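Here is how the chains run, residue by residue.
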Amino acid sequence: MKKEDFFNSYIPALEKALNYVNKLDFEFCGPDSFIDDETIRNNLDKFENENYHEYEKLFNMVSNYLDAKSHNFKDIQGKDIEDYKKELIEEINNIKKKYF
C-alpha cells in the first residue's frame, strides 16, 4: 500500500473518530469503526505495522488519545485531553499537507 493510499483512507476515518460524540462514558470509536471494508482495514493495519517507526508520533498520539477517551481520562501525560487533541489535529494537518 502506498503512503498516499493509506493516508487517504486512514485520515478521514481518524477525523470521524475524533469528532465522534460519545453517548456513554467510556465509549469510543477508533478509525476502524468508520471503515466498512475489511480488506481496507486489514491493509491499513499492515501498513501501520510496517511503517510504524516512520509515523511513530502520529500513531502514538492516536493511541494515547483513544486510550484516554476509552477510560474517560481528563488528561494525557499531564496535558489536558482537549489540548492534546488540538496537537493531534495539528499533526494530522501536517500529514494532510504532505500526502493530500
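These figures come from a predicted structure and were not determined experimentally.

The rules we used
- Residues numbered from 1 in each chain as written.
- Predicted model: local features only at pLDDT ≥ 70, side-chain atom pairs only at ≥ 80, totals over all residues.
- Heavy atoms only, no water.
- Phe/Tyr/Trp six-rings, centres within 6.5 Å; stacked < 30°, edge-to-face > 60°.
- Helix = DSSP H or I, 4+ residues; strand = E, 2+ residues; numbered from the N terminus.
- Buried < 20%, exposed > 50% of the residue type's maximum accessible area, 1.4 Å probe, protein only.
- Lys NZ or Arg CZ within 6 Å of the ring centre and 35° of its normal.
- Salt bridge = Lys/Arg side-chain N within 4 Å of Asp/Glu carboxyl O.

Caption draft 1: Fine view of the packing of aromatic side chains. All chains considered together, the criterion is met by 13 aromatic pairs. Geometrically, the ring pair formed by Phe 6 and Tyr 10 is stacked, given 5.0 Å between the ring centres and 20° between the ring planes. With Phe 6 and Tyr 10 both in helix α1 (residues 3–19), this residue pair falls four residues apart, about one helical turn. Given the relative accessible area of 6%, Tyr 10 is considered buried. Considering the side-chain rings of Tyr 52 and Phe 59, the 5.9 Å spacing of their centres and the 20° angle between planes classify their relative orientation as stacked. For Tyr 52, a relative accessible area of 26% corresponds to the partly exposed category. Taken together, the aromatic side chains of Phe 6, Phe 7, Tyr 10, Phe 47, Tyr 52, Tyr 55, Phe 59 and Tyr 99 make up a single cluster linked through ring pairs. Positioned above the aromatic ring of Phe 100, the side-chain terminus of Lys 96 is 6.0 Å from the ring centre.

Caption draft 2: Just the pattern of salt bridges, in detail. According to the stated counting rule, one finds four salt bridges in the structure shown. Across the pair Lys 96 and Glu 15 runs a salt bridge, and its minimum N-O distance is 2.8 Å. Of the two residues, Lys 96 is situated in helix α4 (residues 81–99) and Glu 15 in helix α1; the sequence distance between them amounts to 81 residues. Between Glu 91 and Lys 57 there is a salt bridge; the shortest N-O distance is 3.4 Å. Linking Glu 91 in helix α4 with Lys 57 in helix α3 (residues 56–70), this pair joins segments that are 34 residues apart in sequence. Since its relative accessible area comes to 54%, Lys 57 is described here as exposed.

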